[in-house]
Amino acid sequence: MYLPRQLISHLYLQLLRSHHPLSPPVLILVALEPDALCACRILTALLKRDYIPHKIQPVAGYGDLSRAGEELVRPMQTTNGGSGGVVICLGVGGLVDLGEILALSNPEDEVEDMGGVEIWVFDARRPWNLGNVFGGLAGMGQPMAEIDANARRRGRGVDKGCITSAYTSKNGGIIVYDDGDIEEELRNEREAYYALLEMPEVDDDDDDASDDGSEDEMQTGSKKRKSWSGREDDEDSEGDEPPHQRRRSNSGSSIASTPTRRKKTGINSSNSSRSATPTTDSPSPAEAKQPSARSLKKRLINLKRRHDSVLQSYYSSGTSYSEPISSLIYSLASELGRDDNDLLWLAIVGVSSLELSGRTMTGVGISNTSESGGSAGWGGQRGEHIRQILRDEVHRLNPPDPLESNRDIRGEINGVIPTTARSPTDTSIRLSPEPRFLLVRHWSLYESMLHSPYLAPRLHVWTENGRKRLHKLLAKMGISLTQCHQYYTHMDMELKRVLRSRLLKYAPMYGLDGLVPSEGSGSASAREGWGFVRCWGWKACLSATDVGVIVGAMLEVGPHETLASWDSKRLPRARDDTENSGITGESDLASLLPRFWSAYDALSLTSESPTILLEALPLAQHLHRAILRTGTSLLSKHQIRHLRAFRIAVVKDGPDVKLFTNPGALTKLALWIAEAIRVQEKERGDSVKIGRKRAAGTPLVLAGLDEDRDLYVVVGTGGGGGVVDFAAMSKRQEERKKKKELKEKKQKERSERRSKRAAERAEREEETGAEDEDSEESESSSESESEDEEDPRGKKHLLRNRFGIAFQEVVQETNARVRIDSFEHCVVEVQKDDLGGFLEALSFRSVVG
């Protein structure tokens, strides 16, 4: 089921009304990422204010999610001796069947029973698992004869998966919080899902095979039903695998859930009675030309294939990201009237963190909007609309002080980056014309520019000429090397005051048009691209991007230890008994728990928060120095090779090799390298026209060696609309050519059949003629339908990251020992000896689409 955006507070208010001292605590499952951490902080603040007990459980991957289901969620069910309750998933489980992975439902049961457990799902990853979105309600799988009797009791307030204001939480279920995408974009998928749910059981064999069989065989025969993805549900061969691994092996990076259809034993008896011998009375034309059972079966099969193709197209389009969940939960707080500066700041940090980790509308990769100024980012126009709402909230909750307004207005007009608070008690949020430098308030200007993921690739700072270009830019702006090597807060005040105007003047000479946001319009609340800054008195002044960088480093590098001893003090990983294709499954949670709680404390709403963030600042600087060092080494030594469908680089030696065994750190390095390659190709003019857009760059696969576990961590990044997948392009061209040839062949065969039937029509019986006519009509209609739905999502012109699907295809067709456990399906672990064969097989796959 899904909860529409306009009813976002409906379930929380019901929880508030039904809560009592003996109610079980709310269980919160949180992914280890900054956006989910910020959302968790906002949600726990709401629960604390309403005196609702809760328990937080971090989850690092699908293995931990499955264990949490067995150990924490399943005992809550009334069928297992519990008293029900609410489980909230933050950044967890949107792509998989939660009922199965949390062990809440048995696929063999005809009637699902969630045991009073209600699961709320907040996840920005797409595609959704449609079983969660349109199913997930107790009683959805019951026979049709019982639905009418129990609909009001079980399905009250639910209209085809959409929760209405009449819904009450009684029997439990899986409820997805819609950010608007489901209502606006999944109408076709919704209709296809419920059409398949209502369809009788039919053999989905080839049409030619059905011509040889008799109608009696169709009515009485029973064969194993296939899933929509075309693979048989072979429970015996999958019974030894963990639920999360078994489900994900069905359909690539997302779980393709087929709605459970009710079983029937043939065509309705009323249909078969129509084929009886007519009486002596002259039948009407409608009665004489009733279709036979065979033609009805063909129609049903064609309709089923049509709906299957809609679901297949949705799941195979690749991964993407929608609205950040911190923004969605802030909308919940605002709807409840609980919004304040602290919760707004958490939402801003969560939104800002998405761009830092490369999470765009086309999956993990570089974004076309990176050319824009300021906090350009993940969501194009939609992302900017959300940031504009946040800017409006900043002005609403932080009205200017009349005594200080003149000075503030002068500072904003001049574009001075705020580095101090207005007073010792100032904790307000302000807008700031943030340049695209890294940690500029906590580094020297030179170091901040050198490590900027935006500026460094465009100036080619990994070369000697690139460093000279940076020095020339500083010289043109009138900033000496002595000044720019000082901490930014210690620089000359006049230089800080004119920095933005000089960047606007000289940066375009070096291809840095988006280095700083453009001049603001007349309205202060409409300054597109401006960032956010918050001060905690004299303690600290941090931008939202600064906090996102620091919190991300805390999760990716570890608890704040001395950097020299980080490798030696690295916590051991707990082992697990599950296996997947030869790699022993290991729980990352044991080593990541200290990181999670350190980052969680750093986002505290108390005055201690800035202290913890500043203590962890060296971790962020250490990580980005390592990214610059390693990226420079790979580019300068020409260690990036170009395979058929993507570029490949391997990090297997150097001082920072252990740092990049973490998927988050490896992804940031991959994004840095991908941006550098994209800039190089753009300067050389290596671009290919796709549709109406001209794109530069190719997808990148980056592998980091983990010597301790004798494997490679592999991440595949796309590039939004700015990537070219040559394998996918050639494959699409071949498919179009084959479809054209097949269409011409079918038209020729159809014309021949029509000519033959016209010659024999006088000699054939009336009933057979009606049947052939009906069959011909069915074939032509199904063909036209397939032509119309060839590319239902092509209008968006987005090349999405399909590495998760490609990884799954390689695993199914090769003997490579691979572990897929991350919530990011573009991240896998490959046994060291199998990396070569894995990449070779991957090079023939479509990795963006």
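Relevant structure appears above.
These numbers come from a predicted model, not from an experiment.

Asks: Can you lay out the overall build of the protein for me, pointing to particular residues and giving the numbers?
Replies: Along the backbone of the protein there are 33 helices and 25 strands. Taking all 849 residues of the protein together, 55% fall into the buried category.

Asks: Describe the packing of aromatic side chains, with residues and values.
Replies: Scanning the entire structure with this criterion turns up 16 aromatic pairs. Centre to centre, the rings of Tyr 193 and Tyr 194 are 5.5 Å apart; their planes meet at 70 degrees, and the pair counts as edge-to-face. Tyr 193 sits in the buried class, given a relative accessible area of 6%. The buried category is assigned to Tyr 194, whose relative accessible area is 10%. Clustering of aromatic rings is evident, with ring pairs tying together Tyr 2, Phe 134, Tyr 193 and Tyr 194. The lysine or arginine in question, Arg 41, covers the ring of Tyr 600, its NZ or CZ lying 3.8 Å from the ring centre.

Asks: Got a sec to walk through the environment of Asp 123? Specific residues and values, please.
Replies: With respect to the secondary-structure elements, Asp 123 resides in the loop between β5 (117-122) and β6 (125-126). Relative accessible area serves as the criterion here: at 6%, Asp 123 is assigned to the buried category. For the pair Asp 123 and Tyr 321, spaced 198 residues apart in the sequence, the C-alpha separation amounts to 8.9 Å. In contact with Asp 123, not counting residues within four places along its chain, are Gly 91, Val 92, Gly 93, Gly 94, Leu 95, Trp 128 and Ile 325. At 3.0 Å, the side chain of Asp 123 forms a polar contact with the backbone nitrogen of Gly 94.

Asks: Please set out helix α29 (residues 663-684) residue by residue, giving values where relevant.
Replies: The end-to-end C-alpha distance of α29 is 31 Å, a good match for the 32 Å that 22 residues give at a rise of 1.5 Å each. Of all 22 residues in α29, 16 are buried; the element is thus mostly enclosed. Where α29 begins, the side chain of Asn 662 points an oxygen toward the backbone nitrogen of Gly 664, at a separation of 2.8 Å.

Asks: Help me get a handle on unusual backbone geometry, residues and values and all.
Replies: Here the bond from Arg 126 into Pro 127 is cis, since omega is 10 degrees, no more than 30 degrees from zero. The phi dihedral of Tyr 51 is positive, around 55 degrees, even though this residue is not glycine. Position of Tyr 51 among the secondary structure elements: in the loop between α2 (34-49) and β3 (54-59). Overall, Tyr 51 belongs to the exposed group, its relative accessible area being 71%. One non-glycine residue with positive phi stands out, namely Ala 103, at about 60 degrees. Checked against the element boundaries, Ala 103 lands in the loop between α4 (98-101) and β5.

Asks: Quick rundown of the sheet that holds strand β15 (residues 541-543)? Include the residues and the values.
Replies: Think of a sheet as strands paired side by side through backbone hydrogen bonds, with each pair either parallel or antiparallel. An order of β13-β14-β15 is seen for the three strands of this open sheet, with the pairing classed as antiparallel. In the strand order of this sheet, the two ends are held by β13 (429-432) and β15, each with one partner. Strand after strand, the sheet turns through a mean of 30 degrees between neighbouring axes, direction not considered. Strand contacts of helix α17 (residues 341-356): β13, β14 (531-535) and β15, with the helix running at about 135 degrees to β14, the strand carrying the most contacts. Strands in contact with helix α25 (residues 544-557) are β14 and β15; relative to β15, the strand with the most contacts, it is inclined by about 85 degrees.

Asks: Requested: an account of the pattern of salt bridges, with residues and values cited.
Replies: Once the charged atoms of two side chains with opposite charge are near each other, the side chains can pair. All told, the structure shown has 33 salt bridges when counted by the stated rule. Arg 436 is paired through a salt bridge with Glu 355; the nearest N and O atoms lie 3.0 Å apart. Of this pair, Arg 436 sits in the loop between β13 and α20 (445-450) while Glu 355 sits in helix α17, and the two are 81 residues apart along the sequence. A residue is classified by how much of its surface remains accessible, and Glu 355, at 29% relative accessible area, is partly exposed. With a closest N to O distance of 3.4 Å, Arg 387 and Glu 384 form a salt bridge.

Asks: Would you mind going over helix α28 (residues 617-636) in detail, with residue names and values included?
Replies: Each α-helix turn comprises 3.6 residues. Residues three or four places apart therefore point the same way. Across its 20 residues, α28 extends 29 Å between first and last C-alpha, which sits within 8% of the 28 Å expected from 1.5 Å per residue. Taking burial as the measure, the 20 residues of α28 include 15 buried ones, the bulk of the element. At the exit of α28 stands His 638, carrying a positive phi of roughly 55 degrees.

Asks: An account of the pairing of strand β9 (residues 173-177) is requested, with residue identities and associated values reported.
Replies: For a regular strand, the rule is simple: side chains alternate between the two faces of the sheet. Across the five residues that make up β9, a large majority, five, are buried. Side chains Gly 173, Ile 175 and Tyr 177 project from β9 onto one buried face, and the interleaved Ile 174 and Val 176 project onto a second face that is buried too. Both strand β1 (residues 2-3) and β9 contribute to a ladder of two bridges, which runs parallel. Bridge pairing in β9 places Tyr 2 opposite Val 176.

What counts as what
Residues numbered from 1 in each chain as written. Predicted model: local features only at pLDDT ≥ 70, side-chain atom pairs only at ≥ 80, totals over all residues. Heavy atoms only, no water. Helix = DSSP H or I, 4+ residues; strand = E, 2+ residues; numbered from the N terminus. Buried < 20%, exposed > 50% of the residue type's maximum accessible area, 1.4 Å probe, protein only. Phe/Tyr/Trp six-rings, centres within 6.5 Å; stacked < 30°, edge-to-face > 60°. Lys NZ or Arg CZ within 6 Å of the ring centre and 35° of its normal. Contact = heavy atoms within 4.5 Å. Polar contact = N/O pair within 3.5 Å; in protein donor to acceptor, adjacent residues only side chain to side chain. Expected span 1.5 Å × (residues − 1). Pairing = 2+ DSSP bridges. Axes fitted to C-alpha atoms, helices over the stretch in contact; angles between N-to-C directions. Salt bridge = Lys/Arg side-chain N within 4 Å of Asp/Glu carboxyl O.

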